[in-house]
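Listed below, chain by chain, are the residues.
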Amino acid sequence: MSVSSSTRFSYLSRKTRIHLPVIPVSANEQFRQNIYNFIRSTLMADQAHAFKPMEAKGLKKISPYWYPYTTMTKLRWIGRELLEVVSTEFRDRSMEYYRYALESGVTTVNGKIAKPDTILKDGDRIENVVHRHEPPVTATPVKVLLHDVEREFIVVDKPGSIPVHASGRYYRNSLIEILVDDFGYEKCYPVNRLDRLTSGLMIIPLSAKRARQLTLEFMAGTVRKEYIARVKGRFPEEIICEEPLLTVDRQMGLNIVHPEGKSAKTVFNLIRYDENTNSSVVRCHPYTGRSHQLRVHLQFLGYPIANDPVYSEKKIWGENVGKGGIDITPSDTREAPAPPSHLRNLVETQGSPESLATVPKEDVGSAKKLPRETGEDIGMGSPVPLSQEAVGVITRLRNMKDEDEDWGRWRDVVFRAKGVMRPHNLVIKPPPPQNRRKRGGIAETVSSPSVAETSSAQPITSTIDVADTATEGPTVAVSGTSELSTPLVEDIAPCPIVEQATTTDPDAPTQITLEAAVEKISIAPVTGFDTTSDSEHIYCPECYLPLHPDPNPEKLYIFLHALKYTTSLGSFSTEMPEWSAEGWEWDQS
């Protein structure tokens, strides 16, 4: 019996496996391919596939997703320009990115497209659609230790690395969202919180009535709390610390001992000393609930938590590591953000992404500079003037965060946007009357209207100027946020549906071309990445943001664990953490 050529080909295709060699893809070529995919998906009906990050052992990762967000103007924002607020509150993206993001029209105030110089007023409702890139968290699962149905509360054991509330770049990877989405609890009312890096026990009411009761107990100081920590050095048998604590940088969440701070009291007792690691396991009884209380008190005493990336780091605090506190003499010394050594060539040739540079060189002296550009944003949220030593600590802490994220914001590449950009099937509802507006959270959306219905404040079409694309490259704008603040303009990025510009602003910055973008990223060496296949990315294929390298799972938590809480509902505890065991060792590199 004869076999047709098509049948023979089909048979061979099933039986024959051809292994092609893996060709490494450079960051430049990957970026070029991303932009090509952007143009293709814009001009064609089919949409690009959603980006899915590669799996990593010990990490829980979430694919980036589009998220409509709304927030009300905070007291400290009133009377300030929108760009100043965004660039001061958040640092994950460069000044250049924040400016382009706002100029692209992705942010609205009270339903009207906002501009960088929009002045925020009391009662303003700010909305935007963001492309969220949530940081990975530990793969260790959340444990529900007790569910008391009759008394309406649960007791959980929270792993380190997971924040309690959605904040900054965290949303689905927050404890409350995990309890709602993964465990099916309809509503959770956390009345206290643990630091993101801290693990341990939490009592979470499931009704407003139970939440009010527990809140009063915490406020009255009748809740007895017990923590376990592993600290550096040989700890004494017992120490009582009553030093007041003050938050001096909201953005970094940094706290220090300061006479103008809030009163705090902690009693520490030694459990054991391990000579092999020169560390001690300590029992901690906090009598107040100040932010970072145990971490700062232990640092002040000279026994910081052994793996604390902030309060036990010599690169930030110096050889003394904050023992006995730091100098608090006020100082006006500030410096503009400086690039890392390996990116100085990029800054010299392309300009600093932390400088707006919107005026001619001859007028630079008279140009208005924002606090982010000059370094004046350090200490803007502090209730007291900062000392030179405190400014240095905050600066080094910021630089270390940038280094951990591979200096992503210094490698930003911007394509200037021409109009409103967001997923074509996502339209935010107009804001309700002011007396019915919510304070913040996810915005209400409706199905995408027809093109004829998109001529209001949020127009969305699928057209793009092909001539402009051919000469200047596609128009893209993106942005980001800090993990320590409420999202406002966060990971802002376009979808492949762009509104065509109808007018041209003569004062707008020049559009960057694709060739210029590729040249720009080629000047900045990429460290921390090994791109060996098309499934590994340096830039997000959907929004073109530089992606952060995966963290080491062992660096996602600190040796601090909430062991036991005693309330009117009873006494509840978890097992001792594994790192508290006698003779336990860890990677101290």
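Residues numbered from 1 in each chain as written. Predicted model: local features only at pLDDT ≥ 70, side-chain atom pairs only at ≥ 80, totals over all residues. Heavy atoms only, no water.

The name given to the protein chain in an unreviewed UniProt entry is tRNA-pseudouridine synthase, with Gymnopilus junonius as the source organism.

Visitor: Would you mind going over the nonpolar core with me for this structure?
Guide: By size, the foremost hydrophobic cluster in this structure holds 77 residues, and its most contacted members are Leu175, Leu179, Leu254 and Phe268. Looking at this core, the element that brings in the most residues is helix H11 (residues 388-404), giving six residues. Core analysis: the second largest hydrophobic core is formed by 15 residues, Val86, Phe90, Met95 and Leu370 among them. (Core = buried A, V, L, I, M, F, W, Y, C linked by side-chain atoms within 4.5 Å. Buried < 20%, exposed > 50% of the residue type's maximum accessible area, 1.4 Å probe, protein only. Helix = DSSP H or I, 4+ residues; strand = E, 2+ residues; numbered from the N terminus.)

Visitor: Any chance you could explain helix H6 (residues 208-220) here in plain terms?
Guide: Side chains that are three or four residues apart share a direction in an α-helix, a result of its 3.6 residues per turn. With 13 residues, H6 extends 18 Å between its outermost C-alpha atoms, agreeing within 8% with the 18 Å of an ideal straight helix rising 1.5 Å per residue. Those residues of H6 lying buried are Arg210, Ala211, Leu214, Glu217 and Phe218. Projected onto a plane normal to the axis of H6, the buried residues spread over an arc of 125° and lie on a single side. Opposite its buried face, H6 presents the exposed residues Lys209, Arg212, Leu216, Met219 and Ala220, each directed more than 90 degrees away. Looking at the packing, one finds that the buried side of H6 touches strand S8 (153-158), strand S9 (199-205), strand S10 (224-232) and strand S19 (560-567). (Expected span 1.5 Å × (residues − 1). Arc of directions from axis to C-beta. Contact = heavy atoms within 4.5 Å.)

Visitor: Is there a simple way to think about the environment of Val282 in this case?
Guide: Locating Val282 in the fold gives a position in strand S15 (residues 279-286). When its relative accessible area of 0% is taken as the criterion, Val282 is described as buried. It is 5.8 Å that separates the C-alpha atoms of Val282 and Ile228, two residues lying 54 residues apart in sequence. Leaving out residues up to four positions away in the same chain, Val282 has contacts with Tyr227, Ile228, Ala229, Val231, Phe235, Phe268, Asn269 and Ile271.

Visitor: What exactly am I supposed to notice about unusual backbone geometry here?
Guide: Note: most peptide bonds trans; most residues except glycine with negative phi. One non-glycine residue, Asn278, lies in positive phi territory at about 50°. Within the element layout of this structure, Asn278 appears in the loop between strand S14 (266-274) and S15. Residue classification places Asn278 among the partly exposed positions, given a relative accessible area of 42%. A positive phi angle is found at Val321, which is not glycine, with a value near 50°. Residue classification places Val321 among the buried residues on the basis of a relative accessible area of 11%.

Visitor: What's the story with the UniProt feature "active site" (unreviewed entry) in the protein chain in this structure? I'm lost.
Guide: Residues annotated by UniProt as "active site" (unreviewed entry) correspond here to Asp195. Residue position: Asp195 is located in the loop between helix H5 (175-181) and S9. A relative accessible area of 23% places Asp195 in the partly exposed class. Contact partners of Asp195, with chain neighbours within four places excluded, come to Lys158, His292 and Arg295. (UniProt positions renumbered as here; feature names shortened; annotations may be inferred.)

Visitor: Please clarify how the packing of aromatic side chains should be interpreted in this entry.
Guide: Any two aromatic rings considered together are summarised by their centre-to-centre distance and by the angle between their planes. Under the defined criterion, the tally for this structure stands at 15 aromatic pairs. Arranged with centres 4.8 Å apart and planes meeting at 50°, the rings of Tyr67 and Tyr171 form a pair that is tilted. In this pair, Tyr67 sits in strand S2 (residues 65-72) while Tyr171 sits in the loop between S8 and H5, placing the two residues 104 residues apart along the sequence. In this pair, the class of Tyr67 matches that of Tyr171, namely buried. Connected via pairs of aromatic rings, a cluster forms that spans Tyr557, Phe559, Trp579, Trp584 and Trp586. Over the aromatic face of Tyr100 sits the side chain of Arg99, whose NZ or CZ is 4.7 Å from the ring centroid. Over the ring of Tyr189 we find Lys187; its NZ or CZ atom is 6.0 Å from the centre of that ring. (Phe/Tyr/Trp six-rings, centres within 6.5 Å; stacked < 30°, edge-to-face > 60°. Lys NZ or Arg CZ within 6 Å of the ring centre and 35° of its normal.)

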